[in-house]
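# Topology and contacts: notes
The primary structure of each chain is shown beneath.
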Amino acid sequence: ATQSLCSASNVDPTSISVSPSNASVNLGSNLTLNATVLPLGASSGVTWSSLDPSIATVSNGVVTPVSVGVVTIRATSISNTSVYGSATITVTNQSVPVTGVSISPSSLNLEVGSSASLTANVMPASATNKNVTWTSSHPSIASINHSGQVTALAAGSGTITVTTSEGGLTDTISFTVIEQSLPPETTMTFSFAGTGNSYWPTVSGFGAYFSSGYGISSASTGGTIKSTQILSSIPLGSLMTVKVSAATNSPTNTANLTMYALDKFGNRLAGLSDSYVIPAYDSKGNLANITNYAKANPGILFFSASMNAKVYALELVIASASSRTLLAEISVSYSYNSAQNQALAFANYVNGEGGQDAYGQCDIILLNLVDEFNRLSEDARSYFENSSEGPIALAKARLSYLSSWVNQQQTMGRPTFFKKEQTHEPLFLLLLIGLTSLSLYVVYRKKMY
């Protein structure tokens, strides 16, 4: 099995199972399906389709009911369209009353600047109205938004309460916020001159501003700039803060700015964006005056932790306005999230984009995962090693799988991409002596070059 995962030849999928394979969903709700492609090592990509979109549609495994009836939802292999799995979904229109609600996890311990997601479990699972509201007893210590995202703002303690829209049923958990063990780390600052900045090379609607400055070329059309992969070394699951220094050359006209987080392909990541209103410079002036004003009145944008995808780059969009905008500077900083959230973000990365498509390059993939693991805080690494949560247990199994294959190749001889003049030391069995020893693999790889 390990040979098929790491072989240089692609492994054809032979079967796909969809879970749950038989389920009901009420109108107004949705249902998430999962597809498992076998054998391990086969391309995991699938396309989802509904055999009757008039009853229910599906997108990325999420089923949205349209009308009452029974429908087949299919997951088809992208690499071999003759292989697919199906689920039978029954769409109902029944009013199921709410009987209770509970919050998970049952308590929170956070550091200032970190965040965590709470889940409201409305009972029964088939309840028609699952709408809830969240409140914090001390929002100046820990705030919570409509989706259950808690942000730790200051040291202290309090409670979070969830209330069902139907029946007013409640559940409450306690939280404790402590000071950060590590301060936020500023990763980089970018200044913009007449030609822009080389780390933000993808440009539309931006150009020279007062000759040596940089900003919007035409106020009526706005503009967009995208960075290179400047965030690739930020620890998984981090909280990010972006400070933008910009101003319009007008005493009254403002402009809207939105910043988006991007994946490695340059696509926007869902739910990871923030915006603010660029201030108007209170009196027209020269470039130096506008620049100083922009730096003295920056916009602060916050990005909650991405738990399911790694953030690589940023996209800045300034909407059309009545006056041109100067962009003077962008700075990016990050802070560690809670140990649990970092560990789960790493596990999701191992189980997803970081550990997929290993054909012929398990060494390279394992080295990348080692680097990502070592970027986590010490507490997060310890949490990962000692946790048996589902995603973490699956990630450990995959790491063991990759490590086993790399060790097997070491005993059998050099993999084909090794240079002939290289010498090697035996690779430790990483998972047998603890995941902290992942760093030993880095030493091994460095000796190859």
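Predicted, not measured: the structure shown is a model, and the values here were computed from it.

### Quick word on the pattern of salt bridges
Two side chains with opposite charge may pair up if their charged atoms get near one another. Scanning the model with the defined rule gives 4 salt bridges in all. A salt bridge links Arg375 to Glu372, with the nearest nitrogen and oxygen atoms 3.1 Å apart. Here the residue Arg375 and the residue Glu372 both occupy positions in helix α4 (residues 362-375), the gap between them amounting to 3 residues, near one helical turn. Among the residues examined, Glu372 registers a relative accessible area of 1% and is labelled buried.

### Remarks on the pairing of strand β21 (residues 206-209)
As paired elements, β21 and strand β22 (residues 213-216) share 4 bridges and run antiparallel to each other. When the sheet's bridge partners are listed, Tyr209 is paired in β22 with Gly213.

### Some words on the sheet that holds strand β23 (residues 223-226)
Strand order in the open sheet made by the 5 strands is β20-β23-β28-β25-β26, with antiparallel pairing throughout. On the outer flanks of this sheet lie β20 (202-204) and β26 (268-278), each paired with one strand and no other. The mean inter-strand angle of the sheet, taken between neighbouring strand axes irrespective of direction, is 15°. Pairing geometry for strand β25 (residues 255-262) and strand β28 (residues 313-318), over 6 bridges, is antiparallel. Residue pairing for β28: Thr258 is matched across the bridge by Val317.

### With respect to the nonpolar core
Grouped together as the largest cluster of nonpolar side chains are 33 residues, with contacts concentrated most on Val244, Met259, Leu316 and Ile330. Among the secondary structure elements, those contributing two or more residues to this core are β22, β24 (239-248), β25, β26, β27 (299-303), β28 and β29 (325-335). Leaving out residues up to four positions away in the same chain, Leu316 has contacts with Phe206, Gly223, Thr224, Ile225, Val244, Leu257, Thr258, Met259, Leu327 and Ile330. Counting 23 residues, the second largest nonpolar core, distinct from the first, contains Leu236, Cys362, Ile365 and Leu376.

### Considerations on α4
The first and last C-alpha atoms of α4 sit 20 Å apart over 14 residues, in line with the 20 Å expected at 1.5 Å per residue. For α4, every residue scored as buried is listed here: Cys362, Asp363, Ile365, Leu366, Leu369, Val370, Glu372 and Phe373.

### Examining unusual backbone geometry
For the bond from Ser19 to Pro20, the omega torsion is -10°, close enough to zero to count as cis. Position of Pro20 among the secondary structure elements: in the loop between β1 (15-19) and β2 (22-26). Cis geometry is adopted by the peptide bond preceding Pro39, which originates at Leu38 and carries an omega value of 0°. Structurally, Pro39 can be placed in the loop between β4 (34-38) and β5 (46-50). You will see that Phe210, though not glycine, has its phi angle at about 55°, which is positive. On the secondary structure map, Phe210 appears in the loop between β21 and β22. We note that Ser211 has phi near 70°; this positive angle belongs to a residue other than glycine. As for its position among the elements, Ser211 is in the loop between β21 and β22.

Reading the values: rules and limits
Residues numbered from 1 in each chain as written. Predicted model: local features only at pLDDT ≥ 70, side-chain atom pairs only at ≥ 80, totals over all residues. Heavy atoms only, no water. Salt bridge = Lys/Arg side-chain N within 4 Å of Asp/Glu carboxyl O. Helix = DSSP H or I, 4+ residues; strand = E, 2+ residues; numbered from the N terminus. Buried < 20%, exposed > 50% of the residue type's maximum accessible area, 1.4 Å probe, protein only. Pairing = 2+ DSSP bridges. Axes fitted to C-alpha atoms, helices over the stretch in contact; angles between N-to-C directions. Core = buried A, V, L, I, M, F, W, Y, C linked by side-chain atoms within 4.5 Å. Contact = heavy atoms within 4.5 Å. Expected span 1.5 Å × (residues − 1).

These results come straight from atomic positions and should not be treated as a statement about function.
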